[in-house]
Amino acid sequence: MPRPDPIPSPPGSLRRRFWRIFRLLVLLSIVIAAIAVILVTRGAGQISINLIIATALGIGLTVLLGTSLMTLVFLSADSGHDEAAAPHVQEESEEE
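This write-up is about the structure you can find in this document. Computed from a prediction, not measured in an experiment: that's the story for all the values here. (Residues numbered from 1 in each chain as written. Predicted model: local features only at pLDDT ≥ 70, side-chain atom pairs only at ≥ 80, totals over all residues. Heavy atoms only, no water.)

## A word on a nonpolar patch on the surface
Piece 1. A cluster of nonpolar side chains, namely Ile49, Ile53, Leu57 and Leu61, defines an oily patch on the protein surface of about 410 Å² accessible area.
Piece 2. Within the secondary structure, Ile49 sits in helix H2 (residues 49-79).
Piece 3. Here Ile49 falls in the exposed class, since its relative accessible area comes to 56%. (Patch = residues over 30% accessible without salt bridge, like charges linked within 9 Å, V, L, I, M, F, W, Y side chains within 5 Å. Areas by Shrake-Rupley, 256 points an atom, 1.4 Å probe, with all protein chains shown as cover. Salt bridge = Lys/Arg side-chain N within 4 Å of Asp/Glu carboxyl O. Helix = DSSP H or I, 4+ residues; strand = E, 2+ residues; numbered from the N terminus. Buried < 20%, exposed > 50% of the residue type's maximum accessible area, 1.4 Å probe, protein only.)

## Describing the environment of Ser13
Piece 1. As for its position among the elements, Ser13 is in helix H1 (residues 10-41).
Piece 2. Along the sequence, Ser13 and Ser79 sit 66 residues apart, while their C-alpha atoms lie 10.0 Å from each other.

## A look at the side chain of Thr55
Piece 1. Here Thr55 lies in helix H2.
Piece 2. Accessibility expressed as a relative area gives 15% for Thr55, which makes it buried.
Piece 3. Discounting residues that sit within four places of it in the chain, Thr55 has contacts with Ala36, Val37, Val40 and Gly60. (Contact = heavy atoms within 4.5 Å.)

Don't take any of this as a statement about function, it's just geometry.
Shown next, in the form of structure tokens:
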């Protein structure tokens, strides 16, 4: 008789889920940074390599940071950690 797959542990499952999503976000930030560099280089005037590097790093890391933090917020909500704080907040709102 075949054995069913074991249920993964929640912390390990969330960690794997985050890294899977994070890899996609890295690709997204690279694509967005490349588009930003192309748009900057198409502009008029002389473009220095410093401007291209600053644009790529600034846009890429900003997009990566923002999307990663939002991913952590959604994973935190899915894990149930936010529900533990909900009764306390609901009690305060009912008292007012």
